[in-house]
Amino acid sequence: MKPLGEIGKGLFKENPILVIMLGLCATLACSTNFSDALGMGLAFSFVIVGSNVVISLVRRLVPGQVRIPVYITVIATLVTVADYVMKAFVPDLSRSLGVFVPLIVVNCIIMGRAEAFASKNGVWRSFLDGLGMGIGFTVVIALIGILRGLMGEGTISLSLLGLKDITVLSDKWYPGVLIFILAPGAFLVIGFLIALHHKIGDLLATAKARKTQSNLRQAATASPTVSGEGASTDDRQ
Amino acid sequence: MKNLIVPAVVLSVTCVVAAASLALVDTVTKDKIAENERVEKENAMRVVQPRATGFKIVVKDKLWEALDGDTVVGRVLSAESQGYSGVLSIIFGIDLENHVTGIKIVTQTETPGLGAKIIKPSFTDQYRGKPVDQLFLKKDDPAKGKIDAITGATISPRAVTKAVREALDAFLRGELTAAGAAKETTP
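Since the structure is predicted, the reported quantities are computational estimates derived from the model, not experimental observations. Along each chain, the written sequence defines residue order, and numbers are assigned to residues from 1. Working convention: letters from A go to chains and numbers from 1 go to ligands, in the order in which they are written. It should be noted that, the model being predicted, local features are given only for residues of pLDDT at least 70 and side-chain atom pairs only at 80 or more, the latter also being counted only at that level, while totals for whole chains, interfaces and linings use all residues. Each side-chain value is worked out from all heavy atoms of the structure, with water and hydrogens disregarded.

A.B. asks: Sorry if this is basic, but what is going on with the environment of V54 of chain A here?
C.D. replies: Residue and element names in this part refer to chain A. Each helix is a run of DSSP H or I of at least 4 residues and each strand a run of E of at least 2, with the numbering of both proceeding from the N terminus. In this structure, V54 sits in helix α4 (residues 34-57). With a relative accessible area of 30%, V54 lands in the partly exposed category. Put simply, V54 and I75 are 21 residues apart on the chain and 9.2 Å apart in space, counted from C-alpha to C-alpha. When a residue's accessible area, from a 1.4 Å probe over protein chains only, is under 20% of the maximum for its type it is buried; when over 50% it is exposed; and in between it is partly exposed.

Set out below in structure tokens:
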């Protein structure tokens, strides 16, 4: 597969939150506002890229019976290293992310990718897979964070970037819908995003089918012999 | 037999490598982390005692004198209490009349977006200028209380208020001060 395709599948087709739906616990806990969500996304991305690479490197050396304990050790070590390094060299960022870093260990998407992808694929592809999953996770959790912050409090928190919160809906006339700050609200937001994701997926599929069909027809009218080739080129895109 | 030994060896090697890399990272970062924590603590003290230029330890980790040059302008106390999901560690300053000059939540693990709002200035600023007998939540004690809780989170603000009130109480009763510094409050 092309490198871009490997990253792209984490973004849409196999998005960790909207499609794989693993590790929702961390997603619920850290998506109450944009800052926290972004922080969790970045920390998560670092660990999944690292763990995918390390696990892909050792995949031939680890016997099947002990692979899960080995993966857990690798992930936990990476998380702790990341935690220490951040505390020592970027204390401000560490203060914002402090609570989330230990949560990454228990994020099952990382285990899932280790088991389903990194243990069966080469280092480069595993790196790209981790990167795609990281980006896909970060984008979606940040979006959930923005939506929950907006509906729950009327603000978009930017404290992670060192900026003041943006108040979109003033609390003078918008009291905030508390449920969106709480876990059930996260489920609602994720549910609607999944529906939207399906809708977009359907639209894309229909558009693709229509294009294939018209290509077929064109090819058929131009020269019937190359029609099969035209369709297969389209499929790959 | 081989089926038993190989996995055991692999797992042991993994753990040794993991432990070694953690030990290495710890050695490299330990001093830096301790230094960061010290600086952070001092900055926190400056926040709760804006007038002070220096601090002198009276009771280690519990009570400091805030100095402006050589004159004592107030004190800094530390407080701890059980929050909604973990221990809250707080430091706060008081002036010579024993009114709170500011509080800062040093560590907390409250629910992000709810209880964690106790670190926001809109909450902590409420404590400024309050004497010990006003340190109650309004919803707990409408007569005396002057502290507003946070929507959706009552336990965390209550824990903060209780921690500050009890630490200040202990100080006023002279329990905290080894050398009886409480009696010198109004010389």
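Okay, back to it.
A.B. asks: How do you make sense of the domain arrangement of chain A when you look at a structure like this?
C.D. replies: How big an interface is tends to be expressed through the accessible area that disappears when the partners come together. Residue and element names in this part refer to chain A. Each assigned domain of chain A is listed with its residue range as follows: domain 1 (3-181) and domain 2 (182-237). Residue ranges assigned to the domains are those given by an automatic or database domain assignment. A straight line from the C-alpha centre of domain 1 to that of domain 2 covers 28 Å. Two residues qualify as a contact provided that any one of their heavy atoms is within 4.5 Å of a heavy atom in the partner residue. Domain 1 puts 17 residues into the contact, and the matching count from domain 2 is 15 residues. Here the quantity called buried area is the accessible surface, traced with a 1.4 Å probe, that two parts lose on coming together, added over both. A combined buried area of about 1400 Å² lies between domain 1 and domain 2, and 87% of that area is made up of carbon and sulfur atoms. Of all residues in domain 1, the largest losses of buried area upon contact with domain 2 belong to F12, L18 and L28, amounting jointly to 40% of the total for that side. What makes a salt bridge here is a side-chain nitrogen of Lys or Arg within 4 Å of a carboxyl oxygen of Asp or Glu, nothing more. Applying the counting criterion to the domain 1 and domain 2 interface returns zero salt bridges.

A.B. asks: Honestly, the packing of α4 of chain A against helix α5 (residues 67-89) of chain A in this entry has me stumped. Any pointers?
C.D. replies: To describe two helices that pack against each other, one gives the angle between their axes and the distance between the axes. Residue and element names in this part refer to chain A. Lines are fitted to the C-alpha atoms to define the axes, a helix being fitted only along its stretch in contact, and any angle between axes, read from their N-to-C directions, falls within 0 to 180 degrees. The geometry of α4 relative to α5 is characterised by a closest axis approach of 10 Å and an angle of 140° between their N-to-C directions. Classified by the interaxial angle, the pair formed by α4 and α5 is oblique. Like other packed secondary-structure pairs, α4 and α5 cross with a definite hand, here right-handed. Where α4 approaches α5, its residues F46, V47, G50, S51, V54 and I55 are matched on the opposing element by Y71, V74, I75, L78, V79 and A82. Our angle categories are set so that under 35 degrees counts as roughly parallel, over 145 as roughly antiparallel, 65 to 115 as roughly perpendicular, and the remainder as oblique. Each helix crossing is assigned a hand: it is left-handed if the near helix lies turned anticlockwise from the far helix by less than a right angle, otherwise right-handed if that turn is clockwise.

A.B. asks: I keep staring at α4 of chain A and nothing clicks. Help me out?
C.D. replies: Three or four residues apart is the spacing at which side chains of an α-helix point the same way, because the helix has 3.6 residues per turn. Residues and elements named next belong to chain A. A helix's residues, less one, multiplied by 1.5 Å, set its expected span. Under the 1.5 Å per step criterion, the end-to-end length of α4 is 35 Å for 24 residues, consistent within 8% with the ideal 34 Å. Extensive coverage of α4 is indicated by the burial of 19 of its 24 residues. Where α4 begins, one side-chain oxygen reaches toward the backbone nitrogen of S35, 3.1 Å away; that side chain belongs to N33. Pairs of N or O atoms within 3.5 Å make up the polar contacts considered here, provided that, within protein, one atom can donate a hydrogen while the other can accept it, and that residues adjacent in sequence are counted only when both atoms are side-chain atoms.

A.B. asks: Where do I start with the pairing of strand β3 (residues 71-82) of chain B in this structure?
C.D. replies: Two faces make up the sheet, and in a regular strand the side chains alternate between them. Residues and elements named next belong to chain B. One bridge is not enough; two strands pair if DSSP finds at least two bridges between them. In the sheet, strand β2 (residues 63-68) pairs with β3 via six bridges, with the strands oriented antiparallel. What sits directly across from L67, in β3, is V72. Hairpin connection of β2 to β3: two residues between the antiparallel strands, including G69 at a positive phi of 70°. Across nine bridges, the pairing between β3 and strand β4 (residues 87-95) is antiparallel. Looking at the pairing, V76 lines up with G93 of β4.

A.B. asks: How should I be thinking about the interface of chain A and chain B in this particular structure?
C.D. replies: Contact residues are listed per partner, giving 27 residues for chain A and 24 residues for chain B. Between chain A and chain B, a total of about 2100 Å² is buried, with carbon and sulfur atoms accounting for 75% of that surface. Taken together, the links from chain A to chain B amount to one salt bridge. Among the elements of the structure, α5 and α6 (91-97) of chain A are those that each provide at least two residues to the side of chain A that touches chain B.

A.B. asks: Could you clarify how one ought to interpret the nonpolar core in this entry?
C.D. replies: Generally speaking, a soluble globular protein has its nonpolar side chains buried in company with each other. Grouped together as the largest cluster of nonpolar side chains are 38 residues, with contacts concentrated most on I17 and M40 of chain A. Listing elements by their share of this core, those giving two or more residues are α2 (16-20), α3 (24-29), α4, α5, α7 (101-105), α8 (108-118), α9 (123-153) and α10 (183-222) of chain A. In terms of residue count, α4 of chain A provides more of this core than any other element does, eight residues in total. Shared between two domains, this core takes at least three residues from each, and those domains are domain 1 (3-181) and domain 2 (182-237) of chain A. Buried Ala, Val, Leu, Ile, Met, Phe, Trp, Tyr and Cys residues that are joined via side-chain atoms within 4.5 Å together make up what is termed a nonpolar core. Within the second largest apolar cluster, 30 residues are counted, among which are I118, Y127, V132 and A167 of chain B.

A.B. asks: Help me understand the pattern of salt bridges in this model?
C.D. replies: Pairing of side chains with opposite charge becomes possible as their charged atoms draw close. All names here are of chain B. Within the structure shown, the criterion is met by 20 salt bridges over all chains. Measuring nitrogen to oxygen at the nearest pair gives 3.5 Å for the salt bridge that ties E35 to R38. Residue E35 and its partner R38 are located together in helix α1 (residues 2-48), separated by three residues, close to a single helical turn. On the basis of relative accessible area, E35 is assigned to the partly exposed category, the value being 38%.

A.B. asks: Sorry, what's going on with the sheet that holds β4 of chain B here?
C.D. replies: Each strand in a sheet pairs with its neighbour through backbone hydrogen bonds, running either in the same direction (parallel) or in the opposite one (antiparallel). All names here are of chain B. Pairing is antiparallel across the open sheet formed by five strands, whose spatial order is β1-β2-β3-β4-β5. The sheet is open, and its two edges are formed by β1 (54-59) and β5 (100-107), each paired on a single side. Neighbouring strand axes in the sheet, compared pairwise and without regard to direction, differ in orientation by 25° on average. Along the sheet face, helix α3 (residues 155-172) touches β2, β3, β4 and β5 and points at about 130° away from the line of β3.

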